[in-house]
Amino acid sequence: MSHGVPFKIGPPDGRSYPFRVVANGERSNGLALGDTKIPAGTPGPARHVHTHEDEALYVLSGVLTVEVGDERYHAASESFVFMPRGLPHAFGNLGEQEVRAVVLFNSTTLSRMFEEQAEYRASVNGAPDPAVLTEISERYGVRPVGGPLLR
């Protein structure tokens, strides 16, 4: 792998939440970065497993509840949580303040999954169909493993 070429990505023209891809990993040797904003009392994604990449969260504000395998963490501001590939995980904002977090993953393709999901969400009126979001995820090796949303 080459060392790459330095680059900067400026502030976005628009935001796509709940998750936004900032750097997709194609120009940064597979290191991808996104950010998320989760309103108070909002569950995150259902329990799932990544088959190709590791994922990590760095909490900027609020308290994010994260379950990784059999562990449950209450990750407050300035906390870092590592979620290795192959280990089921879920997260959500069970608190009373909005959560802002940075998400890291080592993949050049997973960011396309988030982009496709954002495009799908923007194309529908009302709530997105969970089956469509799952189908998009599974094409990228992100598989649901069952269990309730964090509440």
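For the structure, see preceding data.
Please read these numbers as outputs of a predicted model, since none were measured by experiment.

A. Geometry of helix 1 (residues 110–123). For helix 1, which comprises 14 residues, the first-to-last C-alpha distance of 20 Å matches the rise-based estimate of 20 Å (1.5 Å per residue) to within 8%. Where the residues of helix 1 are buried, they touch strand 1 (19–23), strand 4 (48–50), strand 10 (99–106), helix 2 (130–139) and strand 11 (142–144).

B. Geometry of the pairing of strand 7 (residues 71–76). Note: strand 6 (residues 63–68) against strand 7, six bridges, orientation antiparallel. Across the sheet, Thr65 pairs through a bridge with His74, a residue of strand 7. Between the end of strand 6 and the start of strand 7, which pair antiparallel, lie two residues, with Gly69 showing a positive phi angle near 60°.

C. Highlighting the nonpolar core. Counting residues in hydrophobic clusters, the biggest one holds 25 residues, and the most contacted among them are Leu57, Leu64, Val66, Phe105, Leu110, Met113 and Phe114. Of all the secondary structure elements, the ones that give two or more residues to this core are strand 1, strand 2 (31–38), strand 5 (55–61), strand 6, strand 8 (80–83), strand 10, helix 1 and helix 2. When near neighbours in sequence (up to four residues on either side) are disregarded, Leu57 contacts Leu64, Val66, Ser79, Phe80, Val81, Met83, Phe91, Val102 and Val103.

Basis of the calculations
- Per chain, residue numbering runs from 1 following the sequence as it is written.
- Given that this is a predicted model, residues contribute local features only at a pLDDT of at least 70 and side-chain atom pairs are listed and counted only at 80 or more, while totals for whole chains, interfaces and linings are drawn from all residues.
- Hydrogens are left out, water is left out, and the side-chain values use all remaining heavy atoms of the structure.
- Segments assigned H or I by DSSP are reported as helices when at least four residues long, segments assigned E as strands when at least two residues long, and all are numbered from the N terminus.
- By this rule the span expected of a helix is its residue count minus one, scaled by 1.5 Å.
- Contact criterion: two residues are considered in contact whenever any of their non-hydrogen atoms come within 4.5 Å of each other.
- Strands qualify as paired when DSSP identifies two bridges or more between them.
- Side-chain atoms within 4.5 Å are what join buried Ala, Val, Leu, Ile, Met, Phe, Trp, Tyr and Cys residues into a set we call a nonpolar core.
- Each residue is placed in one exposure class: buried if its accessible area under a 1.4 Å probe, protein chains only, is under 20% of its type's maximum, exposed if it is over 50%, and partly exposed if it falls in between.

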